[in-house]
Amino acid sequence: MKFGSIAVIFALIFQVTASPITWPWSFKPYTLTSTPLFDELSLLANYQTVANCLSGNGTIEDGPLDTSEYCTLSDCKSSTATIYASFKSMIGGYILLDEQNKKIMVIFKATTEDYEWLIDFTFLLVDYKPYAQKKLGASFNCFGCFAHLGFYKSVYDYMEKFYYQVEEVHQKYPDFQIYVSGHSLGGAIAALVGIEFKILGLDPIVVTYGQPKVGNALLSNWMDSKFNSDTTISNYKSSSAVLTKNTFTRVTHLGDTVPHLPPTLLGYTHAGCEVQFQSPGINDTVSDIEVLGKFDYGTEIKEDIEIYGPYIASEDWDNIPIAVEHGNYFLNIGYCYTPSLDLST
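Since we're looking at a predicted model, the values are computed, not measured. (Residues numbered from 1 in each chain as written. Predicted model: local features only at pLDDT ≥ 70, side-chain atom pairs only at ≥ 80, totals over all residues. Heavy atoms only, no water.)

Draft legend 1. Examining the packing of helix H7 (residues 185-199) against helix H8 (residues 217-226) more closely. Orientation of H7 relative to H8, taken along the N-to-C sense of each, is 55°, at an axis distance of 12 Å. In terms of axis orientation, H7 runs oblique to H8. Along this stretch, H7 crosses H8, giving a crossing that reads as left-handed. From H7, Ala191, Leu192, Ile195, Lys198 and Ile199 reach across to H8, where they touch Leu219, Trp222, Met223 and Lys226. (Axes fitted to C-alpha atoms, helices over the stretch in contact; angles between N-to-C directions. Helix = DSSP H or I, 4+ residues; strand = E, 2+ residues; numbered from the N terminus. Parallel < 35°, antiparallel > 145°, perpendicular 65-115°, else oblique. Left-handed = near helix turned anticlockwise from the far one by under 90°. Contact = heavy atoms within 4.5 Å.)

Below, the structure is given as structure tokens:
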């Protein structure tokens, strides 16, 4: 992807200097202390990589994850989960079933193919009516809610063609917790699929990594209310915090520009409780994660100015670090970790 145009957007929006800025926002971020929560988020990130194996003409065969060729990571090799089904149309992903831990995980892949860039950049905001409301009779009351057209159409396509897979496994295991997760484009899809599952009464846990914005402030407010974001922010202060049903956790990395897009100036905001890696590169320590809480435009501007300001001020366009951290979520989350993967180059 060419990021020059994005850099120009930042240059036009922000007339900045290299000086750090302190912002007097009401919410004070705090450092995560829960190792159990960190481990859950890390495990889901590892499982995310399997979805990347659907790139191109790739397929994912059903079967136990610990013997699968689609993930050589230690977390996969020690997993008790089974690949239940995969899917691919406008978007791709798979369902992971963990009978021992009573989990059903629906995981969406990131942007890896040319046509998926068209989904990302079809960012017109349109009136949002979930598939579950229009076709399945679910109740959804959110007047004035608008969503990203590309993501909305992709979720509609997924629900129409593949939701039956979730219905099937949920009927077999009605007491299992449903998770919805994804990275980048997959994170945006997971956020909107989370709404579909929520209004269908499935009480999902939604976790996204490096997710772009999916809708306007009214939609974000609806999600924060239904996914208990205020309670989640409070609960994550505990050193024993874990993921719980009807919650939305949005994992970001300082220096990853994708969560700042599409721009808030176009009417977009985020939902969920944001937890953010602070240090460059791949990190594996709980203390590197700050809980930032609900979306705050001032915090987003502050990050943009502090990270990109010096480059914009000096017109150093070639070295501006846009999206440099987009793959760094517990591991390089953008790979398909098959035995043939060569990480030496």
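Draft legend 2. The arrangement of the state of the cysteines in detail. Under the criterion given, the structure shown has three disulfides. A sulfur-sulfur distance of 2.0 Å marks the disulfide that ties Cys53 to Cys336. Negative torsions about the S-S bond denote left-handed disulfides, and the value of about 95° found for Cys53 with Cys336 makes this one right-handed. Residue Cys53 is located in the loop between helix H2 (35-51) and strand S2 (63-64), and its partner Cys336 is located in the segment after strand S14 (331-332); the two are separated by 283 residues in the primary sequence. The exposure class of Cys53 is buried, given its relative accessible area of 9%. Disulfide partner of Cys71: Cys76, at an S-S distance of 2.0 Å. The disulfide joining Cys71 to Cys76 has a torsion of about 65° about its S-S bond and is therefore right-handed. Take the cysteines of the chain that form disulfides and number them in order along the sequence; they join up as 1-6, 2-3, 4-5. (Disulfide = S-S within 2.5 Å. Buried < 20%, exposed > 50% of the residue type's maximum accessible area, 1.4 Å probe, protein only.)

Draft legend 3. Structural context of the environment of Cys142. Within the element layout of this structure, Cys142 appears in the loop between helix H5 (131-136) and strand S7 (146-148). Taking the C-alpha atoms as reference points, Cys142 and Ala81, 61 residues apart in sequence, are found 36 Å from one another. Once residues lying within four places of it in the same chain are set aside, the contact partners of Cys142 are Leu218, Leu219 and Trp222.

Draft legend 4. How the structure looks around H7. Between its terminal C-alpha atoms H7 stretches 22 Å, which fits the 21 Å expected from 15 residues at 1.5 Å a residue. Extensive coverage of H7 is indicated by the burial of 14 of its 15 residues. Phi turns positive one or two residues past the end of H7, at Gly201, with a value near 85°. (Expected span 1.5 Å × (residues − 1).)

Draft legend 5. Molecular detail of the sheet that holds strand S3 (residues 82-88). Overall, mixed pairing links the 10 strands, which are arranged S1-S12-S11-S10-S9-S8-S5-S4-S3-S2 in an open sheet. The open sheet terminates on both sides in strands that have one partner only, identified here as strand S1 (30-31) and S2. In the sheet, S1 pairs with strand S12 (residues 289-293) via two bridges, with the strands oriented antiparallel. Counterpart to Thr31 in the pairing with S12 is Glu290. Relative to strand S5 (residues 103-108), H2 is tilted by about 55°, and along the sheet it contacts S3, strand S4 (92-98), S5, strand S8 (177-183), strand S9 (205-209), strand S10 (247-253), strand S11 (273-277) and S12. (Pairing = 2+ DSSP bridges.)

Draft legend 6. Here's a closer look at helix H10 (residues 297-313). The largest bend along H10 reaches roughly 45° and is located at Ile307, with the proline Pro310 sitting one to four residues downstream. Listed as buried for H10 are Gly298, Glu300, Ile301, Glu303, Asp304, Ile305, Ile307, Tyr308, Gly309 and Ile312. Near the N-terminus of H10, the side chain that reaches the backbone nitrogen of Gly298, with its oxygen 2.8 Å away, is that of Asp296. Two residues or fewer after H10 comes Glu315, characterised by a positive phi angle close to 55°. (Bend = angle between axes of the 7 residues up to and from the residue. Polar contact = N/O pair within 3.5 Å; in protein donor to acceptor, adjacent residues only side chain to side chain.)

Draft legend 7. Seen up close, the packing of aromatic side chains. Tallied over the entire structure, the rule returns 17 aromatic pairs. Between the aromatic rings of Phe108 and Tyr158, the centroid separation amounts to 5.1 Å while the plane-to-plane angle is 85°, which identifies the pairing as edge-to-face. Taken together, the residues Phe108 in strand S5 and Tyr158 in helix H6 (residues 149-172) connect sequence positions 50 residues apart. In this structure an aromatic cluster arises from ring pairing among Phe38, Tyr209, Phe277, Tyr329 and Phe330. (Phe/Tyr/Trp six-rings, centres within 6.5 Å; stacked < 30°, edge-to-face > 60°.)

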